[in-house]
Amino acid sequence: MKKLGFIGGGNMAEALARGLLQRKVFAPSDLIASDVDPGRRRKLTRQLKIKTTDSNLEVLREARAILLAVKPQTIDEVLAELAAAMNPRAPSTDGAKRAPGIKPADRLFISIAAGITLGRLTAALGKRVIRVMPNAPAMVGQGMAALVGAPGAGKADQAFALRIFRAVGDAVALSEEGLLDAVTALSGSGPAYVYLFVKALAEAAVSEGLPLELAVRMALKTIRGAEENMRQSDLSPAELIRIVASPGGTTEAALRKFAETGFSDIVAHAIHAAAERSRELGRV
């Protein structure tokens, strides 16, 4: 039996599978993935050497843990298909749409579908469910994910899910599902904020005379260097700022303009707007 199956073989599923294989968490023979797109299936088979199929139920039958990597707009169809397959009393005109002998408790389900609550997931799949909020940098091995489990997902299940997402970056377990709205606003949407800041830095530097390509290069390296400095330092962000901002110097002049234009308030409003939108989507 496979150790992990993916329903949905898109970019995030590919990144997770690749990370798991590169870190030798699993072997290719441990994985299976389903996707409606033959091109995606061929790519996963060719590049990762894993088994692929066009049947979600084949993944359900063959894997102990199922990672749902489909878009939110198609999740309900997938949930209905899986629920019917695990319910022998559900009406069906097609015997092939059954997974005989499989009960919801036999499988661990892990969902990365944005905005799909544990309530919706457990209603279809039973209580052994984990909901995860990853982010786009997972596709380059630098992701940040947070997860929360339903009551039926034990410590071993959470440890298994953490292993998956730590193969492409870092991952943490939360005690409350409501915290995922803040996670979505911070790390889920956060890469776009960084791209926006780099864009603004580069465009400002161009207005001061630097070529665009050089300005982007310098902005990216500055952010990477500052991030590494923060990671290695025991100092708080405020203390690190004070080290760079000499009294009467250029950094102090720039920081004063940030303060005058309400930079911290802008960031706070943006995070709040993203979190609120996440809450709205969860109520749909």
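Refer to the structure printed above.
Residues numbered from 1 in each chain as written. Predicted model: local features only at pLDDT ≥ 70, side-chain atom pairs only at ≥ 80, totals over all residues. Heavy atoms only, no water.

## What about the overall build of the protein?
The line we're drawing: Helix and strand assignments come from DSSP, with helices taken as H or I runs of at least 4 residues and strands as E runs of at least 2, each series counted from the N terminus. Working rule for contacts: check all heavy atoms of both residues, and any pair within 4.5 Å makes them a contact. Note on areas: these come from Shrake-Rupley sampling with a 1.4 Å probe, and a residue is covered only by the protein chains present in the view.
Counting its secondary structure elements, the protein contains 12 helices and eight strands. Overall, the C-alpha framework of the protein stretches about 75 × 40 × 35 Å when taken along its three principal axes. Residue pairs in contact within the protein that sit at least 24 positions apart in sequence constitute 62% of those at least 6 positions apart. By element, 58% of the accessible surface of the protein is carried by carbon and sulfur atoms, the whole surface being about 16,100 Å².

## Some details on the packing of aromatic side chains
For the record, the criterion: Two rings belonging to Phe, Tyr or Trp (six-membered ring only in the last case) form a pair when the distance between their centres is within 6.5 Å. Interplanar angles under 30 degrees mark stacking, angles over 60 mark edge-to-face geometry, and anything in between is tilted. Each residue is assigned to one of three classes by its accessible area relative to the maximum for its type, calculated with a 1.4 Å probe on protein chains only: buried under 20%, partly exposed between the two thresholds, exposed over 50%.
Taken as a whole and assessed by the stated rule, the structure comprises three aromatic pairs. Seen in terms of ring centroids, Phe-197 and Phe-263 are 6.4 Å apart; in terms of plane orientation they differ by 45°. Their pairing is tilted. Taken together, the residues span a long stretch of sequence, with Phe-197 in helix H8 (residues 190-207) and Phe-263 in helix H12 (residues 263-283) at a distance of 66 residues. By relative accessible area, which is 33% here, Phe-197 ends up partly exposed.

## Side note on the environment of Asn-11
Note that Asn-11 resides in helix H1 (residues 11-22). Measuring from C-alpha to C-alpha, the distance between Asn-11 and Lys-221 comes to 26 Å, with 210 residues separating the pair along the chain. Among residues more than four places away in sequence, those in contact with Asn-11 are Arg-40 and Met-139.

## Re the side chain of Asp-157
Position of Asp-157 relative to the elements: it lies in helix H6 (residues 155-166). Asp-157 gets classed as buried once you look at its relative accessible area, which sits at 10%. Residue contacts for Asp-157: discarding those within four places in its chain leaves Leu-108, Arg-128, Ile-130 and Gly-152.

## Points about the side chain of Asp-35
Applicable threshold: The convention is simple: Lys and Arg are positive, Asp and Glu are negative, and His and the chain ends are not counted. The term salt bridge refers to a side-chain nitrogen of Lys or Arg lying within 4 Å of a carboxyl oxygen of Asp or Glu.
Tracing the sequence through the fold places Asp-35 in the loop between strand S2 (31-34) and helix H2 (38-48). For the buried Asp-35, no salt bridge is present, and the opposite-charge side chain at shortest range is Arg-40, 5.4 Å distant. Those residues in contact with Asp-35 that lie beyond four places of it in its chain are Gly-8, Gly-9, Gly-10, Arg-40, Arg-41, Thr-53 and Asp-54.

## Brief notes about the packing of helix H7 (residues 179-188) against H12
Definition in use: Simply put, an axis is a line fit to the C-alpha atoms, just over the touching stretch for a helix, and the angle between two N-to-C directions goes from 0 to 180 degrees. With respect to orientation, any angle under 35 degrees is reported as roughly parallel, any angle over 145 as roughly antiparallel, any angle of 65 to 115 as roughly perpendicular, and every other angle as oblique. The sense of a crossing depends on the near helix, which, turned anticlockwise from the far helix by less than a right angle, makes the crossing left-handed and, turned clockwise, makes it right-handed. Each residue is assigned to one of three groups, with Ala, Val, Leu, Ile, Met, Phe, Trp, Tyr, Cys and Pro labelled nonpolar, Asp, Glu, Lys and Arg labelled charged, and all others, Gly among them, labelled polar.
Between H7 and H12, the least distance of the axes is 8 Å, while the angle of their chain directions is 130°. In terms of orientation, H7 lies oblique with respect to H12. Crossing handedness for the pair H7 and H12: right-handed. Every residue of H12 that contacts H7 at Asp-181, Thr-184, Ala-185 and Leu-186 is listed here: Ile-271, Ala-274, Ala-275, Ser-278 and Arg-279. A class-by-class count of the residues in the contact of H7 with H12 yields five nonpolar, two polar and two charged.

## Describing the sheet that holds strand S3 (residues 51-53)
In plain terms, the rule: For two strands to pair, DSSP has to find at least two bridges joining them.
The strand order S3-S2-S1-S4-S5-S6-S7-S8 describes an open sheet built from eight strands, whose pairing is mixed. The open sheet has two edge strands with one neighbour each: S3 and strand S8 (169-173). Taking each pair of neighbouring strands and ignoring which way they run, the sheet shows an average axis angle of 20°. Where strand S5 (residues 108-111) meets strand S6 (residues 129-133), three bridges bridge the pair, whose relative direction is parallel. By the bridge assignment for S6, Ile-110 is matched with Ile-130. Sheet contacts for H1: strand S1 (4-7), S2 and strand S4 (65-68); angle to S1, the most-contacted strand, approximately 160°. Against the sheet, H7 engages S6 and strand S7 (143-149), with an angle of about 35° to S6.

## Structural notes on unusual backbone geometry
The phi dihedral of Lys-24 falls on the positive side, at around 60°, and the residue is not glycine. Within the fold, Lys-24 resides in the loop between H1 and S2. By relative accessible area, Lys-24 is classed as exposed at 71%. Despite not being glycine, Lys-49 shows a phi value in the positive range, around 65°.

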